[in-house]
Amino acid sequence: MPEQTRSGGPAKHSVSVAGAVVRDDGRLLAIRRADTGTWELPGGILELEETPETGARREVFEETGIHVEVRELTGVYKNMTRGIVALVFRCTPSGGTERTSDESTAVEWLTPEEVAERMPAVYAVRLLDALDGEGSPHVRSHDGCQLLTAQ
C-alpha cells in the first residue's frame, strides 16, 4: 500500500538531478530555460533506470552540449510545494561544445557574482554551495521562490 501524507492522500515525490559544472577558472555553467526564461543550472528528472550520476551527466549534455565528469554530491534540495527532491553534483567539464537545446535558449559560463545576480536564490544557492568546499552535502528546503529555514 502506498505511503500516505498527513492529509490522507498518497505521498508523491519526483527526483531530479543537476550538475554544478565548474571550470578551472571558477566559472559555472548555466542555462536560460526555454519554458520560464530563468537562469538555472542544467538538470532534470532522473529516469527510473538511471543512477543519479548517469542522470546528471545526461541532463547536462542534453541541455548544454558539455560532457562532464561527476565528482561529488554537493547538495540535496527539496521544493516543499511541488515535492521535487533535487540532487546536485559538482562536475568538471570533459569535452563538448556549448549549444542550446529545446530546453535552453542560452548557455553561458558565469562568475559566482553573475550567478547571484541572474538566478533566483533557490537555484543560485545550488551552484554557490558547490563552490564552498565544505565537504559534506548541503540539505536545504524551499517553497519554489524562497529558501526555508530549518525547523
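The notes below deal with the structure included here. (Residues numbered from 1 in each chain as written. Predicted model: local features only at pLDDT ≥ 70, side-chain atom pairs only at ≥ 80, totals over all residues. Heavy atoms only, no water.)

1. Let's talk about the nonpolar core
Soluble globular proteins: nonpolar side chains tend toward being buried together.
Piece 1. Ala20, Trp39, Leu41, Val88, Val115, Met119 and Leu127 are the most contacted members of the largest nonpolar core, which has 20 residues in total.
Piece 2. Among the elements of the structure, β1 (14-21), β2 (28-33), β6 (84-96), β7 (104-110) and α3 (121-131) are those that each provide at least two residues to this core.
Piece 3. With residues up to four places along the chain from it excluded, the contact list for Leu127 reads Ala20, Leu28, Leu29, Leu41, Val115 and Met119.
Piece 4. Ranked by size, the runner-up nonpolar core spans 15 residues in total, among them Leu46, Val68, Phe89 and Cys91. (Core = buried A, V, L, I, M, F, W, Y, C linked by side-chain atoms within 4.5 Å. Buried < 20%, exposed > 50% of the residue type's maximum accessible area, 1.4 Å probe, protein only. Helix = DSSP H or I, 4+ residues; strand = E, 2+ residues; numbered from the N terminus. Contact = heavy atoms within 4.5 Å.)

2. Regarding the pattern of salt bridges
Piece 1. Under the defined criterion, the tally for this structure stands at 10 salt bridges.
Piece 2. Across the pair Arg27 and Glu114 runs a salt bridge, and its minimum N-O distance is 3.4 Å. Separated by 87 residues along the polypeptide, Arg27 in the loop between β1 and β2 and Glu114 in helix α2 (residues 112-118) bring together distant segments of the chain.
Piece 3. Among the salt bridges present, the one from Arg140 reaches Asp129, with a minimum N-O distance of 2.8 Å. (Salt bridge = Lys/Arg side-chain N within 4 Å of Asp/Glu carboxyl O.)

3. Concerning the sheet that holds β6
In a beta sheet, neighbouring strands pair by backbone hydrogen bonds and run either parallel or antiparallel.
Piece 1. The six strands lie next to each other as β4-β1-β6-β5-β8-β9, forming an open sheet whose pairing is mixed. Among the strands making up the open sheet, the edge pair consists of β4 (43-45) and β9 (147-148).
Piece 2. Both strand β5 (residues 66-79) and β6 contribute to a ladder of 12 bridges, which runs antiparallel. Each residue of the ladder has a partner; that of Lys78, found in β6, is Val85.
Piece 3. In the packing of helix α1 (residues 52-64) onto the sheet, the strands contacted are β1, β4, β5 and β6, and the crossing angle to β5 comes to about 110°.
Piece 4. The strands touched by α3 are β1, β5, β6, β8 (138-142) and β9; relative to β8, the strand with the most contacts, the crossing angle is about 175°. (Pairing = 2+ DSSP bridges. Axes fitted to C-alpha atoms, helices over the stretch in contact; angles between N-to-C directions.)

4. Observations concerning the environment of Glu40
Piece 1. Checked against the element boundaries, Glu40 lands in strand β3 (residues 39-40).
Piece 2. The exposure class of Glu40 is buried, given its relative accessible area of 9%.
Piece 3. Sequence separation between Glu40 and Arg126 is 86 residues, and the spatial gap between their C-alpha atoms is 9.2 Å.
Piece 4. Non-local contacts of Glu40, meaning those with residues more than four positions away in its chain, are made with Ala30, Ile31, Arg33, Met119 and Tyr123.

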